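Okay, here's what each chain looks like letter by letter:
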Amino acid sequence: MINASPFPQLVVPDTLAAGPGPGNTDHRVLQAYTGAGIADHMHPDVLRGMIECKHMLRTFMGTQNIYTFGVAGTGWSGLDCMMSAVMPGDTVVAFSNGTFSGIDALTLRIKAATRAELAEDSLDPKPASVTVIEVPHGCSVTAEIVESALAEHKPKWAFMAHWETGSGRINDIQGFSDACVRHDSMGLVDAVSSLGVEDFAIDDYPGVVGWASCPQKGLLCLPLTYAPVSFSDRYIETLRANGAYTYANHPIMEARHWGIVDNQDVEKGAYHRTHSAYAVSAFHEALRINLAEGLSRRAQDYAFHEQALREAVSAMGCEVTSNMTSLVVLNLPPSLAGREMELVQNCRADGFGIWPTLSAPVQVRIGILNLLSQSAITEIVTRFAQAMTNLGADLDINTILAGLNDHYQSRIAA
Ligand SMILES: *Cc1c(COP(=O)(O)O)cnc(C)c1O
């Protein structure tokens, strides 16, 4: 045959996605994705869907910000959009305490660099106007750290990750917002890991002018959809006054397709890019699911199931160093220290999708996105115990599972 592909059809296996992300996409989201008809990006129902998504997003994020919408792509697409108002020479203080806030800080260094600074080291520029405060892996960014850096530098922009997924640490968003207000800095926040997992409303943090999240974590909408973003009026004014070096991810321009024009909701979106009816339908369904369950219920469920997993791995002798409620980051017991990567690779080879940390030190990360049931946590605990046993750990799995069962019985009793 002529023109035959040299490759057979791609088959991707199902795994137990127990990592920091992507989460297990809800089957209703996948159904919405494959169930959408072939409709173009200006079809009335697609445009209506986008407007409804916009309204649901405002509720989901807890905001009155008009400029609240989805950026096509992944978390970094939303973050790139959010950081697009940062211009060469702008002063920035960024707090970095792990892999992701480290990449955020790199993005800010790229955007704030002058041409000469960029040319000097284009893949890792070190602009004079950007200060990166490095907080050690495993530690949180505290109010005191933010206050002292903003008091010293009084930057135009300040940046923090709300939840740093690299090390599983929650940073002090209240302290960050307060310090931004005190020092008149415009706060930008990476809320990729916290949105949809913690019960919070972004309008409670007036020091933060820009927020960006992602489709694939708390929102449970991996099939390449939309990264939620939200911008205050002050951000939009600043952006309008100075511009941004992008068309595709320009917050004011991108918002037009979501029916946001000149700081107002309009009835119908205007062309910005070719949106997919599949993606819009999936995003719409994911938002419906999240809102139906309610953020506070969801947040309580995450905390309860994370506690169950944390206690079980602690009973296996592991040391948990994280405090996020969607993710447990741990060190193996002393007898297995240094074998974290080997254990993770064994699990992954077996369809049990846990993760190592992506920057030093090597730790194990086990996530529970959309795995909020006793049976799912029991499967994770059982498979993890088996993997440790295979490496030579001496575990009494029955005792561990009995402890886990007690945790679940306590809720039924309560
Ligand atoms: C996952 C993550 C990102 C990157 O999101 P992508 O969807 O991979 O683009 C950025 N920041 C944080 C805090 C994350 O957890």
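As a reminder, the structure under discussion sits directly above these lines.
Residues numbered from 1 in each chain as written. Predicted model: local features only at pLDDT ≥ 70, side-chain atom pairs only at ≥ 80, totals over all residues. Heavy atoms only, no water.

S.K.: Would you mind going over the pairing of strand β1 (residues 67-72) with me for this structure?
M.R.: Side chains on a regular strand alternate between the two faces of the sheet. Most of β1 is tucked away, with 6 of its 6 residues classed as buried. Relative to strand β9 (residues 226-231), β1 is paired through 6 bridges, and the arrangement is antiparallel. When the bridges of β9 are listed, Gly70 appears paired with Pro228. (Buried < 20%, exposed > 50% of the residue type's maximum accessible area, 1.4 Å probe, protein only. Helix = DSSP H or I, 4+ residues; strand = E, 2+ residues; numbered from the N terminus. Pairing = 2+ DSSP bridges.)

S.K.: Would you take a moment to explain the sheet that holds strand β14 (residues 355-356) for this structure?
M.R.: Sheet strands line up and pair through hydrogen bonds in the backbone, either parallel or antiparallel. The antiparallel open sheet is built from 4 strands, whose spatial order is β12-β13-β15-β14. With partners counted over all chains shown, the strands left at the sheet margins are β12 (319-320) and β14, one partner each. With 2 bridges connecting them, β12 and strand β13 (residues 327-331) associate as antiparallel partners. Residue pairing in the sheet places Val320 in a bridge with Leu330 of β13.

S.K.: Quick question: what am I supposed to make of the site of the ligand here?
M.R.: The environment of the ligand is formed by Thr74, Gly75, Trp76, Leu79, Phe100, Trp163, Thr165, Asp190, Val192, Ser193, Gln216 and Lys217. Separating an oxygen atom of the ligand from a side-chain N or O atom of Thr74 is a distance of 2.7 Å. Protein contacts shield 90% of the accessible area of the ligand, which totals 380 Å² for the unbound molecule. Judged by the fraction of its atoms near the pocket grid, the ligand is located in the second largest pocket. In terms of residue count, helix α3 (residues 75-82) provides more of the shell around the ligand than any other element does, 3 residues in total. (Near = heavy atom within 4 Å. Polar contact = N/O pair within 3.5 Å; in protein donor to acceptor, adjacent residues only side chain to side chain. Areas by Shrake-Rupley, 256 points an atom, 1.4 Å probe, with all protein chains shown as cover. 1 Å grid on protein atoms, 1.4 Å probe; cavity = no way out; pocket = protein on both sides within 12 Å on 5 of 7 lines; lining within 4 Å. Sits in = over half its atoms within 2 Å of the grid points.)

S.K.: Sorry if this is basic, but what is going on with the layout of surface pockets here?
M.R.: Rolled over the atoms, a probe with the dimensions of a water molecule shows which regions are left empty. Volume-wise, the largest pocket comes out at about 530 Å³. Every residue lining the largest pocket is counted, 17 residues in all, and those nearest its centre are Pro13, Asp14, Thr15, Ala17 and Pro22. By residue class, the composition of the lining of the largest pocket is 8 nonpolar, 7 polar and 2 charged. Here the second largest pocket defines a volume of roughly 340 Å³. (Points joined across faces, edges and corners; volume = space filled by probe spheres on them. Nonpolar A, V, L, I, M, F, W, Y, C, P; charged D, E, K, R; others polar.)

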